[in-house]
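A structural walkthrough
This is what each chain is made of:
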Amino acid sequence: MKKTKKINLTMQIVAALILGVIVGLLMQNHQAIANTYIKPFGTIFLNLIKTIVVPLVLFSITQGIISLKDIKKVGAIGGKTIVFYMCTTAFAVTLGLLFANLLQVGKGYILDSSSLVEYTGAEMPSLVDTLVNIFPSNIISPLLNATMLQVIVIALFFGFGIIAVGEKAQPVANFVDSMSEVCIKVMGMIISLSPIGVFGLIVPVIAANGPDVLLPLLKLIIVCYVASIVHMVLVYSGSVKALGKMSPLKFFKHMSPAILFAFTSASSVGTLPFNMECTEKLGVNKEVSSFVLPLGATINMDGTAIYQGVCAIFIAQIFGIDLNLSQQITIILTATLASIGTAGVPGSGVIMLTMVLQSVGLPLEGIGLIAGVDRILDMARTTVNITGDAACSVCVNALEEKKAKKKANN
Ligand code: ASP
């Protein structure tokens, strides 16, 4: 019964996506109508998701910590997660650079100086500031602004606080447990509306991105998509199989609702509720997924890293600038950091791209060229971003289970 429901939802989302593309193509000359009458459905849907995502993360992480009852175990999960995230992201930029160089992504593009616009770069935040900003200065603003890392820190502290108090905090622990269940139910209700949301999100994007916009940058789009697909197939299939002991086919099949939603919404944070539901169906423990996924939606952006690598080479090539090996290594480092700093919302990767370009002295004006098709690129990178988080949760879950089994046998 449950299974048919899931397949139905996936099929409904696919149908909504296809219908959205067709309607979008038909509405290319009627963008205003699409924006006035169809886009609001997508906006309402995304707003609903944004509403549930903060309490969902807050309560499910706190509840996860309480049920782990062990600071060492949290540390073990956290350590594995960070190592997985860092390695896959560095690999992703390298892959992006490799494809961009091999396929000569900027070759054949005729630079029209009238399309260049002034662009001011994002300031590279200092390492100290970045660390300081992980910690909240009050409880309300991280929840209001959905600052995920700070929400995670609050949840960790309260989770450990509840464990430390013990018996007396049992009512709070029960409250957290029920609230987490309630949030999951509400999330399920919102997710069942996703076909409407997907339709409302995709129509205006397709209507605004006709062939005139896409064709001149087709090579850039193709290189980004090819590198993204190769990364998903190589790295995620490989790690899910090797570390997670799961068939990649099963992984991608169960992940399809989250993947489709990430593709349409271009928001990792917005896709978080889908990701939590899909990984649960894959058998990932809630203690693992409730920690690994929100963290990933905030700091793990492999798709964004690929995109930043490809775009850096694209801009260098169209401006006729040769990047030597040490500059390309600088790109690997800065793009890894920039992707960590990228927020899981539409369009934030392009802002952080300025940091990468600045690090090797590439002209920021190049971003003006990419900006026109950025949404189409964002759809691919967000898909990779959330799939990476899910793959990590499957692997960490399997490793933790293996450890527990070993311990039980001893
Ligand atoms: N939209 C992406 C995400 O939410 C971030 C980016 O713009 O690269 O994952």
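The rules we used
- Residues numbered from 1 in each chain as written.
- Predicted model: local features only at pLDDT ≥ 70, side-chain atom pairs only at ≥ 80, totals over all residues.
- Heavy atoms only, no water.
- Helix = DSSP H or I, 4+ residues; strand = E, 2+ residues; numbered from the N terminus.
- Expected span 1.5 Å × (residues − 1).
- Bend = angle between axes of the 7 residues up to and from the residue.
- Buried < 20%, exposed > 50% of the residue type's maximum accessible area, 1.4 Å probe, protein only.
- Near = heavy atom within 4 Å.
- Polar contact = N/O pair within 3.5 Å; in protein donor to acceptor, adjacent residues only side chain to side chain.
- Areas by Shrake-Rupley, 256 points an atom, 1.4 Å probe, with all protein chains shown as cover.
- 1 Å grid on protein atoms, 1.4 Å probe; cavity = no way out; pocket = protein on both sides within 12 Å on 5 of 7 lines; lining within 4 Å.
- Points joined across faces, edges and corners; volume = space filled by probe spheres on them.
- Nonpolar A, V, L, I, M, F, W, Y, C, P; charged D, E, K, R; others polar.
- Salt bridge = Lys/Arg side-chain N within 4 Å of Asp/Glu carboxyl O.
- Patch = residues over 30% accessible without salt bridge, like charges linked within 9 Å, V, L, I, M, F, W, Y side chains within 5 Å.
- Axes fitted to C-alpha atoms, helices over the stretch in contact; angles between N-to-C directions.
- Left-handed = near helix turned anticlockwise from the far one by under 90°.
- Contact = heavy atoms within 4.5 Å.

1. Examining helix H11 (residues 248-265)
- Taking 1.5 Å per residue, 18 residues should reach 26 Å; H11 reaches 24 Å between its end C-alpha atoms and fits that length.
- Residue Ser256 marks the point of greatest curvature in H11, where the axis turns by about 60°; the proline Pro257 follows within four residues.
- Among the 18 residues of H11, 13 are classified as buried, and the element is accordingly described as predominantly covered.
- Following H11 by one or two positions, Ala266 adopts a phi angle in the positive range, close to 55°.

2. A closer look at the site of the ligand
- Close to the ligand lie 17 residues; Ser268, Thr304, Gly349, Asp378 and Arg381 are nearest.
- Asp378 is positioned with one of its side-chain polar atoms (N or O) 2.7 Å from a nitrogen atom of the ligand.
- Taking Asn385, its side chain carries an N or O atom lying 2.8 Å from an oxygen atom of the ligand.
- For the ligand, the accessible surface in isolation is 270 Å², of which the surrounding protein chains cover 100%.

3. Examining the environment of Val226
- Within the fold, Val226 resides in helix H10 (residues 218-242).
- For the pair Val226 and Gly96, spaced 130 residues apart in sequence, the C-alpha to C-alpha distance is 9.4 Å.

4. Some remarks on empty space enclosed by the protein
- By the definition in use, this model includes four cavities of 30 Å³ or more.
- Taken as a whole, the largest cavity holds about 80 Å³ of empty space.
- Lining of the largest cavity is provided by Leu56, Ser60, Ile184, Met187, Met276, Glu280, Lys286, Ser289 and Ser290.
- If you tally residues by element for the lining of the largest cavity, the top one is helix H13 (residues 286-299), at three residues.
- Tallied by class, residues from the lining of the largest cavity come to four nonpolar, three polar and two charged.
- Contributing to the lining of the second largest cavity are 16 residues, with Ala343, Val345, Asp378, Thr382 and Asn385 lying nearest its centre.
- Of all the secondary-structure elements, those providing two or more residues to the lining of the second largest cavity are helix H16 (348-359) and helix H18 (374-409).
- Sort the elements by how many residues they give to the lining of the second largest cavity and H18 lands first, with four residues.
- For the lining of the second largest cavity, the per-class residue count stands at four nonpolar, 10 polar and two charged.

5. What to know about the pattern of salt bridges
- Enumeration over the complete set of coordinates arrives at five salt bridges.
- Measuring nitrogen to oxygen at the nearest pair gives 3.4 Å for the salt bridge that ties Asp378 to Arg381. Placement of both Asp378 and Arg381 in helix H18 is noted, with a separation of three residues, approximately one turn of the helix. Note on accessibility: Asp378 and Arg381 belong to one class, buried.
- Residues joined in a network through salt bridges with shared partners are Lys80, Glu400 and Lys403.

6. Looking at a nonpolar patch on the surface
- Taken together, the side chains of Phe41, Ile44, Leu48, Leu193 and Ile196 make up a nonpolar region of the molecular surface, amounting to roughly 460 Å² of accessible area.
- Here the nonpolar patch takes three residues from helix H2 (residues 31-68), the largest share from any one element.
- If you trace the backbone, Ile196 turns up in helix H8 (residues 194-208).

7. Digging into the packing of H11 against H18
- Relative orientation of the contacting elements H11 and H18 amounts to 145°, with a least axis distance of 8 Å. Crossing handedness for the pair H11 and H18: right-handed. From H11, Phe251, Phe252, Met255, Ala258, Ile259, Ala262, Phe263, Thr264 and Ser265 reach across to H18, where they touch Arg375, Met379, Ala380, Thr382, Thr383, Ile386, Thr387, Ala390, Ala391 and Val394.
- A class-by-class count of the residues in the contact of H11 with H18 yields 13 nonpolar, five polar and one charged.

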